[in-house]
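Letter by letter, the chains look like this.
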Amino acid sequence: MGETTPLYVRVRKTRIINLKANFCLMKDDDSGIFAKYYDQIYLNMKDYQKEATIIKDVIRQLEKKESKTLLDVGCGTGEHLKHLSSDFQCTGMDINRNMIKTAKDKVPNAKFKIGNMIDFRLKEKFDVIISLFSSIGYVQNFKNLVKTLENFHKHLDHKGLAMVEPWLFKKDFRKDSIGLTTFEDERLKLARMGTTEIVGSKWFIFLHYLIGEGGKIEYVREVHRMLAVDNQDYIKAFESAGFRDTKFLRENLWDGCRGLFIAAK
Ligand SMILES: C[S@@+](CC[C@H](N)C(=O)[O-])C[C@H]1O[C@@H](n2cnc3c(N)ncnc32)[C@H](O)[C@@H]1O
């Protein structure tokens, strides 16, 4: 009552305060929430079986020798591997131990490792390395992107293939867009809203969760720090990592696909 502040001022203040709050208070993406509710959020949105079938078809079309071994970097909860493990000897790698724990339960015939894609070291080499649904975006900057792709190159067998679904390109950033995802069953009610900001070469995703479970509602915030670059930067990074014939497939591979880089060793 008695409020005379024009609406636009209040909106501007809220935005400034929120931005500060975002940077100061938000937990990083290791808060556990991302892994805990990952499948509830994404299994309704994505058809992993269809995506895995397309990946398999692309591999069979482009391979120079029969591919037998496959590494999924940033494998999350193992949904792609679940549908690839009858065709390939699969290994999944992720930095988040909770993701790996879920993936192991889901895909008992695959091997799993916890590691950072920028500097992981495995004894084996692979015929194919995939990294899907923008896991690579988490490397945050161009230097790390090159290091990560060099690492992929090192872990590929002769004539092996790398397939990388990138994070959104910087040119496609939509200011003021707000994402909303909901999930509901008899045990859990979940709403997640997200905003994004680009600051320099970093792309921040601020996620706000309302989680209703066991008669209580919890509010959790989380920030994901992503890479803000464009298509040609990925191509440059593949080339400096030693790959050849880097292609970018943009046509509708699957719903919501962010395109797919494919490069050969
Ligand atoms: C958006 S999820 C994608 C997961 C899975 N590929 C999918 O399609 O559902 C991104 C994944 O990348 C993992 N990740 C983030 N940074 C990583 C890093 N530096 N090394 C390895 N994994 C990483 C996260 O833990 C998360 O599981």
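Everything here concerns the structure above.
Bear in mind the structure is a predicted one, so any value in this text is a computation, not a measurement. (Residues numbered from 1 in each chain as written. Predicted model: local features only at pLDDT ≥ 70, side-chain atom pairs only at ≥ 80, totals over all residues. Heavy atoms only, no water.)

(A) Broad picture of the pattern of salt bridges. Inspection of every chain in the model, using the stated rule, returns 14 salt bridges. A salt bridge links Lys-65 to Asp-127; the shortest N-O distance between them is 3.1 Å. Of this pair, Lys-65 sits in the loop between α3 (48–62) and β2 (69–73) while Asp-127 sits in strand β5 (residues 126–131), and the two are 62 residues apart along the sequence. The exposure class of Lys-65 is partly exposed, given its relative accessible area of 32%. The buried category is assigned to Asp-127, whose relative accessible area is 8%. The closest approach of N and O atoms between Lys-236 and Asp-233, which form a salt bridge, is 4.0 Å. Separated by three residues within a single helix, Lys-236 and Asp-233 lie in helix α7 (residues 231–240), roughly one turn from each other. According to the relative accessible area criterion, Lys-236 is partly exposed, its value standing at 49%. One continuous salt-bridge network, built from bridges that share partners, spans Asp-39, Glu-79, Lys-82 and Lys-106. (Salt bridge = Lys/Arg side-chain N within 4 Å of Asp/Glu carboxyl O. Helix = DSSP H or I, 4+ residues; strand = E, 2+ residues; numbered from the N terminus. Buried < 20%, exposed > 50% of the residue type's maximum accessible area, 1.4 Å probe, protein only.)

(B) Region of the structure containing the side chain of Asn-144. For Asn-144, the location among the structural elements is in helix α6 (residues 142–154). By relative accessible area, which is 18% here, Asn-144 ends up buried. In this structure Asn-144 touches Ile-118 and Val-139, once residues within four positions along its chain are discounted. (Contact = heavy atoms within 4.5 Å.)

(C) Broad picture of the site of the ligand. Contacts to the ligand come from 17 residues, most closely from Tyr-38, Tyr-48, Gly-74, Asp-94 and Asn-116. In this structure, His-80 approaches the ligand through a side-chain N or O atom, which is 3.4 Å from an oxygen atom. Within the side chain of Ser-135, a nitrogen or oxygen atom sits 3.4 Å from an oxygen atom of the ligand. When the ligand is considered free in solution it has 590 Å² of accessible area, and contact with the protein chains removes 95% of it. Grouping the amino acids of the shell around the ligand by side-chain chemistry returns nine nonpolar, seven polar and one charged. (Near = heavy atom within 4 Å. Polar contact = N/O pair within 3.5 Å; in protein donor to acceptor, adjacent residues only side chain to side chain. Areas by Shrake-Rupley, 256 points an atom, 1.4 Å probe, with all protein chains shown as cover. Nonpolar A, V, L, I, M, F, W, Y, C, P; charged D, E, K, R; others polar.)

(D) Inspection of α7 at higher detail. Looking at α7, one finds that the buried residues are Asp-233, Tyr-234, Ala-237 and Phe-238. Projection of α7 onto a plane perpendicular to its axis shows the buried side chains occupying an angular sector of 140°, all on one side. Against α6, β6 (156–164), β10 (216–227), β11 (244–249) and β12 (260–264) lie the buried residues of α7. Count one or two residues on from α7 and you reach Gly-242, which has phi positive near 100°. (Arc of directions from axis to C-beta.)

(E) Geometry of the sheet that holds β12. Spatially, β4-β3-β2-β5-β6-β12-β11 is the arrangement adopted by the seven strands of the open sheet, whose pairing is mixed. Here the strands that pair on one side only, and so sit at the sheet edges, are β4 (111–114) and β11. Within this sheet the neighbouring strands show an average axis-to-axis angle of 15°, counted without direction. Summarising the sheet, β2 and β5 pair through three bridges and their orientation is parallel. In the strand pairing of β5, Leu-71 is matched with Ile-129. The strands touched by α3 are β2, β5, β6 and β12; relative to β6, the strand with the most contacts, the crossing angle is about 140°. Where α6 meets the sheet, it contacts β2, β5 and β6, and its direction lies at approximately 140° from that of β6. (Pairing = 2+ DSSP bridges. Axes fitted to C-alpha atoms, helices over the stretch in contact; angles between N-to-C directions.)

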